[in-house]
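Each chain, written out:
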Amino acid sequence: MCENPGNPFARLKALDLDDPAVVAARQRMPVGKIGGLAVSRLISGSNLISMNMHARDLAYMRDLAAHYNTQERVFATLKLCEAVGINTIVLKSHNFARFNLSRYWKEWGGRMQWIADVITTDLAQFERLLVEHLELGAAAAYVWGGAADTWWHQKQPDKIVKALEIIRRYEVPAGVAAHRLEPIAFCEKEKLAPDFYLKTLHHDRYWSAHPKENRRYMEMYEKESEDHAFYHDNMFCHDHEATIALMQQVKVPWIAFKVLAAGAIPPAEGFRDAFQGGADFLCVGMFDFQVEADAALARTAVAEARTRKRPWS
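Now for a quick tour of the structure. (Residues numbered from 1 in each chain as written. Predicted model: local features only at pLDDT ≥ 70, side-chain atom pairs only at ≥ 80, totals over all residues. Heavy atoms only, no water.)

Thoughts on the packing of aromatic side chains
Applying the stated criterion to the full structure yields 11 aromatic pairs. Aromatic side chains Phe96 and Trp114 sit 4.8 Å apart centroid to centroid with 40° between the ring planes, which places their arrangement in the tilted category. One end of the pair, Phe96, is in helix α6 (residues 93–99); the other, Trp114, is in strand β5 (residues 113–118), and 18 residues separate them in sequence. Taken individually, Phe96 and Trp114 each receive the classification buried, so the pair is uniform in this respect. Where Trp152 meets Tyr217, the ring centres are 5.5 Å apart and the plane angle is 35°; that geometry is what we call tilted. Of the two residues, Trp152 sits in helix α9 (residues 145–153) while Tyr217 sits in the loop between β8 (196–200) and α12 (240–247), which places them 65 residues apart along the sequence. On the basis of relative accessible area, Trp152 is assigned to the partly exposed category, the value being 31%. Chaining the aromatic ring pairs together yields one cluster made of Phe75, Phe96, Tyr104, Trp105, Trp108 and Trp114. (Phe/Tyr/Trp six-rings, centres within 6.5 Å; stacked < 30°, edge-to-face > 60°. Helix = DSSP H or I, 4+ residues; strand = E, 2+ residues; numbered from the N terminus. Buried < 20%, exposed > 50% of the residue type's maximum accessible area, 1.4 Å probe, protein only.)

Re the state of the cysteines
Counted under the stated rule, the structure contains 0 disulfides. Looking at Cys81, it has no disulfide partner, and the nearest cysteine sulfur is the one in Cys283, 11 Å off. With no disulfide of its own, Cys187 has Cys237 as its nearest cysteine by sulfur position, at a separation of 16 Å. (Disulfide = S-S within 2.5 Å.)

Quick notes on the packing of helix α8 (residues 123–136) against helix α10 (residues 158–169)
Interaxial distance between α8 and α10 falls to 10 Å at its minimum, and their mutual angle equals 20°. Classified by the interaxial angle, the pair formed by α8 and α10 is roughly parallel. For the pair α8 and α10, the sense of crossing is right-handed. Across the interface between the two elements, Leu123, Phe126, Glu127 and Leu130 of α8 pack against Lys159, Lys162, Ala163, Ile166, Ile167 and Arg169 of α10. Its residues assigned to classes, the contact of α8 with α10 comprises 6 nonpolar, no polar and 4 charged. (Axes fitted to C-alpha atoms, helices over the stretch in contact; angles between N-to-C directions. Parallel < 35°, antiparallel > 145°, perpendicular 65-115°, else oblique. Left-handed = near helix turned anticlockwise from the far one by under 90°. Contact = heavy atoms within 4.5 Å. Nonpolar A, V, L, I, M, F, W, Y, C, P; charged D, E, K, R; others polar.)

Below is the structure:
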């Protein structure tokens, strides 16, 4: 299919990432370090590949994304990311199964490195699932935010420690993710020093944000309310100011995610606030038509974050 010159994706499939013009474009994207990995300041998320749309009450959005993001378009999106210097994506093993994603590296000349999101709250299954991701080629891995949030809430934070230790045994950069601040605060208190954190970061000044008095720690994992005053797949960071305050003291790299509150905050605003607030990297889900604009916004936001208090990692 891609060999057909009339196919709009043929040019991207044939794009040579070593072409001097492409190299120059890629080098415009700022990078940082996570462990031994050089990582672009803008990282691609994978919810738009997983069809996890966080679309509030817009029930058609999942079907729309599934029809739009075909295998070929997903591959084209990855190549577009690489062409503008986005060299890292967060993926799950089921993304590979859904799209036969390994073909991207084999057939499209892809070099994208990826960080494994090992999704389980069952510690007994964690290592098996981690190995599944590593065998697919993951360059790093982290404790899923849903697991860290849940284990802390269940008063079993030792499971966070054990999962982190399992990743470390495989000698890849090991991280901890969370949507709530308490698991990160626990890791800092216990001096676990993972290679990186992923923590949500966004303000609540958007229309679908529900009132502070109605926010509950585990609401993301409970049945969604039909009442606009309560959680309905609409908020991912309860503690914007507190997160920024805590992360000022954190010495390891911080990947901020959900910086746009899943599309409720304009990218220019979300990127600016997150980098200025201390994030070292942003993980953002992007459709193909958003990649170049988001890359430009990220470059600008990094350049303008000169007054941030937290040193870059």
